[in-house]
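Descriptive analysis of the structure
In case you want the letters, here they are:
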Amino acid sequence: MASPGWHEPSNPAPSPYAPLLGDDDQRTGVKAKCRRPTKFILLLVAGLLAVGLLVALVDRDGYAKKLSSSMPNDEATSTSSGLESTPRPAVARGVAEGVSAKSNGPFLFAGEGTPFSWTNQMLAWQRTAFHFQPRKNWMNGNKFSPLLYKGWYHLFYQYNPDGAVWGNIVWGHAVSTDLIHWRHLPIAMVADQWYDQNGVWTGSATILPDGQLVMLYTGSTNATVQVQNLAYPADPSDPLLIEWVKYPGNPVLVPPPGIHFKDFRDPTTAWYTSEGKWRITIGSKVNKTGISLVYDTVDFKSYELLDGVLHGVPGTGMWECVDFYPVSRTDENGLDTSDDGSGVKHVVKASLDDDRNDYYALGTYDGVRGKWIPDDPTLDVGIGLRYDYGNFYASKTFYDQEKRRRVLWGWITETDSEAADIAKGWASLQAIPRTVLYDKKTGTNLLQWPVEEVEKLRLNGKSFDGVEVKPGSVIPLDVGSAAQLDVVAEFEIDKEAKEMVNGTDAEYVCSTSGGAAERGALGPFGLLVLADNDQSEQTPVYFYIAKGTDGNFKTSFCSDLSRSSKATDVRKGVYGSTVPVLEGEKLSMRVLVDHSIVESFGQGGRTCITSRVYPTNSVHENARLFLFNNATDAKVKASIRAWQMNSANIYPSNDSMNKFNFVVLKSCSAIFIVAILYGFFF
C-alpha cells in the first residue's frame with residue numbers, strides 16, 4: 001500500500017497475521033525507546049552511567065526528595081536582554097511538517113507588538129498551581145486519548161524535552177489516581193523508526209474486553225507521509241505502562257487514494273460494531289471539505305476502508321483530533337464508546353486546522369452504514385457549537401469505567417510571544433479535565449463541568465449572599481489573594497428593567513463588542529478576576545442580555561482580556577458566545593482562576609471559555625476579586641461562594657525512578673566491569 005513520496009526501506013518488517021498481542025509480537029516488536037549505538041559508545045556511556053547511577057543509588061532517597069521539592073518557578077530565567085534578540089521563525093512552527101501551527105502569539109509574523117520587559121517575578125507567577133504541565137519546556141495536546149488502566153489515569157502528551165517551542169516531539173507520560181495530583185514518568189516513546197522518523201503524533205488507546213490495551217498513533221515517515229501505527233505495552237501487567245512496543249508490521253494504514261499524504265492523522269478510540277468488528281475514524285480533508293474516514297478491523301493490523309465517510313462538512317478544512325462518542329439522553333452517567341441504542345445521541349467533534357478551535361455537534365449514528373447525521377445542519381461540525389470559546393484545542397475524551405463518566409481533556413496554548421515562553425522556560429498546559437453530559441433540558445448542547453476531584457483542593461471559603469450591585473458600580477470581595485480561586489456565582493437581574501427595556505435589531509457578539517466597557521441596558525455584569533486595586537488590570541467574566549424586537553431575550557457569556565495586562569506582546573481579545581437560559585433559571589457561572597489560566601463555565605457548562613492572562617500588576621497578593629455591573633438601567637442581585645485553592649502535587653515518580661535506576665545500574669555495571677577487564681588483560 002505504497003503512497004507517492006513514501007520511501008519504504010529496502011527490507012521492510014514482515015507483517016504476517018498473528019494473534020493481537022501474541023508471543024511473536026512480543027519477541028519481534030520494536031521497543032519504543034531502543035537505539036543501537038556502537039560498541040565503543042556503549043561501553044563509554046555505560047561506564048559513565050554506572051558511576052553516576054552508583055552515586056545516585058547510594059543517595060537515591062535524598063535525590064528523589066530534591067526532585068520532588070524542586071520549585072517549578074526556579075526555572076524562570078532573566079528576560080531583560082533576551083526578548084528582542086530571540087529569532088522569529090519565518091513561518092509558523094509545525095505547518096511545514098504537516099500539523100497545525102504551533103507558534104504562539106500574533107506578533108511573530110506580522111511584526112506587531114513591542115517586546116515587553118518581563119521580570120523573573122512576573123514570569124514565575126504565570127506558572128499554574130493545580131493545572132497539569134511538565135516541569136519545563138513545550139507541551140501540546142494529548143498524544144492519545146487519556147485512559148484509566150489498572151487503577152491509574154494515564155496522560156500521554158506531545159513534549160519537546162529540549163526547549164519551550166514546538167519540535168523534537170516525543171511522548172511525555174504522567175499518571176494519577178485522581179486526575180489532579182500527578183507523577184511524571186519516563187518518556188514513553190520517541191521517533192526512532194522510519195515510519196515515525198519525523199514525529200510520533202496523536203492517536204488513541206482502546207481497551208479490549210479481555211483487558212488488553214492497544215494504541216494507534218500517527219507517525220510522520222522519513223518522507224513526511226502521515227501513516228497510522230500500532231503499539232502496545234511491553235508488559236501488560238505493569239499498571240504504570242512504562243515501556244511500549246511498536247508493532248513490527250507498521251505502518252498498518254497509509255493514506256488512501258485521493259487523500260494528500262499530509263492530511264491523514266489522529267485515529268480515534270475504536271468502538272465495537274454489531275458485526276463483531278472494531279471501527280475507527282481518522283481525520284482528513286478533500287479540497288476544503290473536512291471529513292472523517294472510517295475503517296473496520298478485527299485485529300488492529302489489517303483494515304477495511306468503508307465507502308464514503310462518517311461525516312464531512314464543506315468549507316471546514318482539515319479535521320484534526322476527531323472524536324466520536326455516545327451520550328445518554330436519559331441517564332446522568334457517561335457511556336462506553338461502543339454503547340448504542342434508542343436512548344443515545346452521538347457526538348462528532350473535530351479540531352479545525354484552519355481556525356484552531358474545537359467544534360462539536362449532536363446527531364444520530366447509523367452503525368450499519370457507518371454514517372452520522374447531525375440533528376441540526378445549521379449547528380454542524382465546524383460551523384456551530386464549540387467545546388470552548390477561548391483558548392482550548394486538540395481535545396480528547398475517554399470513558400472512565402470506574403466512575404462511569406466521560407472525561408474531556410483539552411490543550412491550553414500560550415497567547416504571549418514565543419520569546420517570552422523561551423525566557424520563562426515552558427509553554428502550554430492542560431485544562432482541568434471536564435465531565436461531559438447531554439443537556440436534557442435544552443436537548444441541543446452538551447454540559448461540561450470540572451471533574452469533582454478538583455473540589456478537594458478547596459480551602460477556606462467565603463460567602464456573599466444577596467449583594468445588590470447597582471448600575472455602574474464595582475464592589476470588592478474580600479477573599480484574600482485571588483490568584484488561586486474557585487468561584488461560583490448566581491445573578492438575578494431586575495425584572496422591571498427587563499420588561500421596560502425596548503427591543504432592538506442590534507446583535508451583541510462577544511468577540512466584536514467593546515467588552516465589559518460597552519454598556520447596555522441589561523449588561524454587562526459579572527466578576528472581575530485577576531484585578532489590581534484600581535482595576536488598571538482586570539479580566540471581566542460577564543453576562544450581557546440583549547432584547548430583540550420580537551421581545552425575546554438573548555444572553556451572551558463573555559470573557560474580556562482587553563485590559564487583562566499592560567504587556568504589549570500578549571493577545572487581548574474578547575471571547576465568548578451566547579448561552580441558553582431557560583424560563584425560571586437564574587444566571588450562573590463558575591470560574592476557576594489559577595494564575596495565568598481562567599476557566600469559565602456559564603449556565604452549568606453550556607458555554608465555556610478558557611483564557612490565558614498575563615498580568616503585570618495584579619499578581620501575587622495584588623490579585624483581587626470584584627463584582628461589577630456596568631448596565632445602564634438594571635440593578636443586579638448576586639450571591640457568591642469563593643474558595644481559595646490549594647496547589648496540586650505534580651512530581652516525579654520516585655518508585656519508578658528508583659526501579660529504573662536499579663535495573664540500569666546492574667546492567668551498566670556489568671558492562672563496565674567487562675570493559676575494565678578487557679582493557680586490563682588486552
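To start, this report covers the structure provided alongside it. (Residues numbered from 1 in each chain as written. Predicted model: local features only at pLDDT ≥ 70, side-chain atom pairs only at ≥ 80, totals over all residues. Heavy atoms only, no water.)

Check the secondary structure of the chain and you find eight helices and 37 strands. Residues classed as buried in the chain amount to 57% of the 682 residues present. In the chain, the proportion of contacts linking residues at least 24 apart, taken out of those at least 6 apart, comes to 67%. For the chain, the exposed area adds up to about 27700 Å²; of that, 53% sits on carbon and sulfur atoms. (Helix = DSSP H or I, 4+ residues; strand = E, 2+ residues; numbered from the N terminus. Buried < 20%, exposed > 50% of the residue type's maximum accessible area, 1.4 Å probe, protein only. Contact = heavy atoms within 4.5 Å. Areas by Shrake-Rupley, 256 points an atom, 1.4 Å probe, with all protein chains shown as cover.)

To continue, consider the state of the cysteines. In a disulfide, the sulfur atoms of two cysteines are covalently bonded to one another. Counting across every chain of the model gives one disulfide. Residue pairing for Cys510: its cysteine sulfur links by disulfide to Cys558, the two sulfurs lying 2.1 Å apart. Residues Cys510 and Cys558 are joined through a disulfide that is left-handed, its torsion about the S-S bond being -65°. With a gap of 48 residues between them, Cys510 in the loop between helix H7 (495-500) and strand S28 (525-531) and Cys558 in strand S30 (residues 553-560) connect regions that are remote in the sequence. One exposure class covers both Cys510 and Cys558, and it is buried. (Disulfide = S-S within 2.5 Å.)

A word on unusual backbone geometry. Among all residues save glycine, negative phi is the norm, and among peptide bonds the norm is trans. With an omega of 0°, the peptide bond running from Asn250 to Pro251 counts as cis. As for its position among the elements, Pro251 is in the loop between strand S9 (244-246) and strand S10 (271-272). Looking along the chain, the bond that leaves Gly523 and enters Pro524 is cis, with omega of 10°. With respect to the secondary-structure elements, Pro524 resides in the loop between H7 and S28. Despite not being glycine, Asn137 has its phi angle at roughly 80°, a positive value. Considering the arrangement of structural elements, one finds Asn137 in strand S2 (residues 137-149). Under the relative-accessibility criterion, Asn137 is labelled buried at 9%. Despite not being glycine, Leu530 has its phi angle at roughly 45°, a positive value. Structurally, the position occupied by Leu530 is in strand S28.

Burial of strand S23 (residues 434-438) is one-sided: the residues Arg434, Val436 and Tyr438 facing one way are buried, the residues Thr435 and Leu437 facing the other way are not. Both strand S20 (residues 405-412) and S23 contribute to a ladder of two bridges, which runs antiparallel. Across the sheet, residue Val407 finds its bridge partner in S23, namely Thr435. By the bridge criterion, five bridges tie S23 to strand S24 (residues 446-450) in an arrangement that is antiparallel. Counterpart to Thr435 in the pairing with S24 is Trp449. (Pairing = 2+ DSSP bridges.)

Here we take up the packing of aromatic side chains. Going through the model one piece at a time under the given rule, you end up with 27 aromatic pairs. Arranged with centres 6.1 Å apart and planes meeting at 85°, the rings of Trp271 and Tyr365 form a pair that is edge-to-face. Highlighted residues: Trp271 in strand S10 and Tyr365 in strand S17 (residues 357-366), separated in sequence by 94 residues. Given the relative accessible area of 3%, Trp271 is considered buried. (Phe/Tyr/Trp six-rings, centres within 6.5 Å; stacked < 30°, edge-to-face > 60°.)

Time to look at the sheet that holds strand S27 (residues 484-493). Taken in spatial order, the six strands make up an open sheet running S25-S36-S27-S32-S33-S34, and their pairing is antiparallel. Here the strands that pair on one side only, and so sit at the sheet edges, are strand S25 (458-469) and strand S34 (607-612). Mean inter-strand twist for the sheet, computed between neighbouring axes without regard to direction, equals 15°. Bridging between S25 and strand S36 (residues 636-645) involves eight bridges; their strand directions are antiparallel. Following the sheet pairing, Arg458 is matched in S36 by Met645. (Axes fitted to C-alpha atoms, helices over the stretch in contact; angles between N-to-C directions.)

The next thing to look at is the nonpolar core. Note that soluble globular proteins tend to have their nonpolar side chains buried in a common cluster. Within the largest apolar cluster, 43 residues are counted, with the highest numbers of intra-cluster contacts made by Phe491, Leu527, Met589, Leu625, Leu627 and Ile640. Taken together, the elements giving at least two residues each to this core come down to S25, S27, S28, strand S29 (539-547), strand S32 (587-594), strand S35 (624-629) and S36. With five residues, the top contributor of residues to this core is S27. In terms of nonpolar packing, the next biggest core, distinct from the first, is built from 28 residues, Phe130, Ala174, Trp409 and Phe601 among them. (Core = buried A, V, L, I, M, F, W, Y, C linked by side-chain atoms within 4.5 Å.)

Before going further, it helps to examine the pattern of salt bridges. Across all of its chains, the model carries 30 salt bridges by this definition. Residue Arg612 pairs with Glu414 through a salt bridge whose shortest N-O separation is 2.9 Å. One end of the pair, Arg612, is in strand S34; the other, Glu414, is in the loop between S20 and helix H6 (418-424), with 198 residues separating them in the sequence. With a relative accessible area of 2%, Arg612 lands in the buried category. (Salt bridge = Lys/Arg side-chain N within 4 Å of Asp/Glu carboxyl O.)

Before going further, it helps to spend a moment on the sheet that holds S35. With antiparallel pairing, the six strands of this open sheet are ordered in space as S26-S35-S28-S29-S30-S31. Two strands bound the open sheet, and with one partner strand each, they are strand S26 (473-477) and strand S31 (574-578). The sheet shows a mean angle of 20° between the axes of neighbouring strands, direction not considered. Sheet topology places S28 next to S29; five bridges connect them, and they run antiparallel. Paired with Phe525 across the two strands is Phe543, which belongs to S29.

Here we take up the pairing of S32. Most of S32 sits inside the fold, with seven of its eight residues counted as buried. Pairing analysis gives six bridges linking S32 to strand S33 (residues 597-602), with the strands arranged antiparallel. Looking at the pairing, Val593 lines up with Val598 of S33. The turn linking S32 back onto S33 is made up of two residues, and His595 within it adopts a positive phi angle of 55°.

What follows concerns empty space enclosed by the protein. Under the definition given, this model contains four cavities of 30 Å³ or more. Its boundaries defined by the atoms lining it, the second largest cavity holds a volume of some 50 Å³. Classifying every residue of the lining of the second largest cavity gives six nonpolar, three polar and two charged. (1 Å grid on protein atoms, 1.4 Å probe; cavity = no way out; pocket = protein on both sides within 12 Å on 5 of 7 lines; lining within 4 Å. Points joined across faces, edges and corners; volume = space filled by probe spheres on them. Nonpolar A, V, L, I, M, F, W, Y, C, P; charged D, E, K, R; others polar.)

Another aspect to go through is the side chain of Thr539. Assignment of secondary structure puts Thr539 in strand S29. Discounting chain neighbours no more than four positions away, the residues touching Thr539 are Leu527, Leu528, Val529, Leu530, Ser559, Asp560, Leu561, Ser564 and Val613.

Another point: the environment of Lys301. With respect to the secondary-structure elements, Lys301 resides in the loop between strand S12 (289-297) and strand S13 (303-305). Along the sequence, Lys301 and Gly249 sit 52 residues apart, while their C-alpha atoms lie 7.9 Å from each other.

On to the environment of Glu455, then. Position of Glu455 relative to the elements: it lies in the loop between S24 and S25. Residue classification places Glu455 among the partly exposed residues on the basis of a relative accessible area of 33%. In sequence terms Glu455 and Met645 are 190 residues apart; their C-alpha atoms lie 8.6 Å from each other.

Here the focus is the environment of Asn120. Note that Asn120 resides in helix H5 (residues 120-126). The class of Asn120 is partly exposed, set by a relative accessible area of 36%. Taking the C-alpha atoms as reference, Asn120 lies 8.9 Å from Ala423; in sequence the two are 303 residues apart.

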